[in-house]
Amino acid sequence: MAMTASPTTLQSASRRSVNIALLGATGSIGKSTLEVIALHSDYRVFALTANQNVELMLAQCLRFSPRFAVMVDEGAAERLAHMLRLRHSATEVLAGPDALVTVASHPDVDTVMAAIVGAAGLPSALAAVEHSKKVLLANKEALVMAGDLFMGALAASNAVLLPIDSEHNAVFQCLPPGARDIGGDLRQQGVRRIVLTASGGPFREWPAEALHAVTPEQACKHPNWSMGRKISVDSASMMNKGLEVIEACFLFGVGPQFVDVLIHPQSIVHSMVEYADGSVLAQMGSPDMRIPIAHSLAWPERILSGAPYLDLTKQGNLQFFEPDLARFPCLRLGMEAARTGGTAPTILNAANEVAVESFLNGQSRFTDIPAIIAGTLEQMTCRKADSVDMIRQVDEQARALARRLIGTQ
Ligand SMILES: NC(=O)c1ccc[n+]([C@@H]2O[C@H](COP(=O)([O-])OP(=O)(O)OC[C@H]3O[C@@H](n4cnc5c(N)ncnc54)[C@H](OP(=O)(O)O)[C@@H]3O)[C@@H](O)[C@H]2O)c1
């Protein structure tokens, strides 16, 4: 029922071969995860999943020989199966979204890396929790859209949940061990507040009027991190930090008033925890996702990640600023949804996914993103989120409404 398992359980698990299901293998997090796994012989790739990227999945299957490869797209699954047959591969190809749940809950799987982007990752991440896996959660949207249910499922299982988002992974590393258990009250452990850092994205210093003309290429060019397109746009709009405030509230069981955001352009301090006595613990490192991935894969042990070590003498100044909620209204919307609770984060997440897709397809402007989200939130009633079916319904309604708003722009 706890977020953390006893160290002995995990230490002994890491001595034998650990079977991993890597959901979202062809993405940025998926590729970084395989780079870390390739450094260590005691992790075995049991299953890889993707949506459509047959070429990369084929290369990954030939390199890591998983027992299963899942392609959500049926045509892509057929093409992959054909190519693997030609190469006499023993990997079995499964197709469709249900196959994600099959591999995430497979009895032979120990660890699930949940790195699918967006709401599509919810059923498999939830299945992994319900089947008491060690779950490495990159897919923040799953937690944002269904946080109460997700954390409820965690409390009812023997799953271990470790955050991959560099900020939450940093907070996790800075919390006292006793405070990491679900249901634990951070204030009783002397925690005063959590401070999430944010790079500020590529438009940190741009004037508000220049943001209208932003192109998808500019938005996807993050100054410090190399990431998938959706999260890159979220970072540019600062919705990523809004989603992360909600994620932190669910993961660490705190209200949004305990979560602050600081702009830190260098992305060296990944987040901080402030204690009642005035101590502030910060986790630092190169901005490289292999660090939180290696941390979570091996936790509570430490393994090589392959990331460059930090040389603070070459780093120069570390700066910290207040975020500008007027220029980046998506962060404000995220914070408000965290305060409202219930289905507000579900609606926010769905409208944001639709708005970002529409921006990336050239159908709407960068500055339309917050307007679409605010319009969707205004027109829907927030309720208590009490079942996955209800979350699905709210998600679909919010998407339909956001699409209508885009159509009428
Ligand atoms: N990238 C980072 O540095 C970073 C940092 C922190 C958190 N995260 C979070 O990690 C998650 C993944 O981010 P990413 O940057 O790795 O994304 P990405 O590069 O866009 O990769 C997304 C992965 O999900 C798969 N996918 C897409 N749509 C799918 C669907 N409908 N059903 C099943 N699989 C689908 C993709 O398969 P195809 O390749 O076949 O499309 C790909 O494997 C996101 O939730 C993000 O917020 C990422």
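Note that the structure is a prediction, hence the values are computed from the model and not measured.

Undergrad: Explain the nonpolar core to me, using residue names and the numbers behind them.
TA: Core analysis: the biggest nonpolar cluster contains 130 residues, and Ala-114, Val-135, Phe-150 and Ala-351 have the highest contact counts within it. The element contributing the most residues to this core is helix H7 (residues 140-155), with 10 residues. If we skip the residues at most four places from it in the chain, Phe-150 touches Leu-126, Val-129, Ala-142, Leu-143 and Phe-250.

Undergrad: Break down the confidence of the model for the protein for me, with residues and values.
TA: Scored by pLDDT, the protein comes out at a mean of 94, with 94% of its residues at no less than 70. The low-confidence segment residues 4-14 (pLDDT under 50) makes 15 contacts with residues lying over four places distant or belonging to another chain.

Undergrad: Just give me the short version of the site of the ligand, but keep the residues and values in it.
TA: Neighbouring the ligand are 28 residues; Gly-27, Ala-120, Ala-138, Met-227 and Gly-228 lie closest to it. Mapped onto the shell around the ligand, the elements with two or more residues apiece are helix H2 (28-37), H7 and helix H10 (229-237). Considering only residue class, the shell around the ligand consists of 13 nonpolar, 10 polar and five charged.

Undergrad: How would you summarise the packing of H10 against helix H11 (residues 239-252) if you had to cite specific residues and measurements?
TA: The description of two helices packed together rests on the angle between their axes and the distance between the axes. Axis separation between H10 and H11 bottoms out at 5 Å; the angle between their running directions is 95°. By the angle class used here, H10 and H11 are roughly perpendicular. Where H10 approaches H11, its residues Ile-231, Asp-234, Ser-235 and Ser-237 are matched on the opposing element by Met-239, Asn-240 and Leu-243. Taken together, the residues that form the contact of H10 with H11 break down as three nonpolar, three polar and one charged.

Undergrad: Describe helix H4 (residues 74-86), naming the residues involved and giving the relevant values.
TA: Along an α-helix, a turn takes 3.6 residues, which lines up residues three or four apart on a common side. Taking 1.5 Å as the rise per residue, H4 with 13 residues should run 18 Å; its terminal C-alpha atoms sit 19 Å apart, in good agreement. Of the residues one or two after H4, His-88 is the one with positive phi, at around 55°.

Undergrad: Lay out helix H3 (residues 54-64) in plain terms, naming residues and giving numbers.
TA: Inspection of H3 places Val-54, Met-57, Gln-60, Cys-61 and Phe-64 among the buried residues, and these make up the whole buried set. With its buried residues spanning 125° around the axis, H3 presents them on a single face. In this structure, H3 carries Ala-59 and Arg-63 as exposed residues pointing more than 90 degrees from its buried face. Check the buried side of H3 and you find it contacts H2, strand E2 (43-50), strand E3 (68-71) and H4. The first or second residue beyond H3 is Ser-65, which carries a positive phi of 45°.

Undergrad: Give me the lowdown on the domain arrangement of the protein, citing residues and values where you can.
TA: Domains assigned within the protein are domain 1 (7-164), domain 2 (166-288 + 310-325) and domain 3 (341-409). The gap between the C-alpha centroids of domain 1 and domain 2 is 26 Å. Taken residue by residue, the interface counts 15 residues in domain 1 and 15 residues in domain 2. When residues of the side of domain 1 that touches domain 2 are traced back to their parent elements, those giving at least two are H7 and strand E7 (160-163). With eight residues, the single largest contributor to the side of domain 1 that touches domain 2 is H7. Residue classes in the side of domain 1 that touches domain 2 are distributed as 10 nonpolar, four polar and one charged.

About the thresholds
Residues numbered from 1 in each chain as written. Predicted model: local features only at pLDDT ≥ 70, side-chain atom pairs only at ≥ 80, totals over all residues. Core = buried A, V, L, I, M, F, W, Y, C linked by C-beta atoms within 7 Å. Buried ≥ 20, exposed ≤ 12 C-beta atoms within 10 Å, placed from the backbone. Helix = DSSP H or I, 4+ residues; strand = E, 2+ residues; numbered from the N terminus. Contact = placed C-beta atoms within 7 Å. pLDDT = per-residue confidence, 0-100. Near = placed C-beta within 6 Å. Nonpolar A, V, L, I, M, F, W, Y, C, P; charged D, E, K, R; others polar. Axes fitted to C-alpha atoms, helices over the stretch in contact; angles between N-to-C directions. Parallel < 35°, antiparallel > 145°, perpendicular 65-115°, else oblique. Expected span 1.5 Å × (residues − 1). Arc of directions from axis to C-beta. Domains from an automatic or database assignment.

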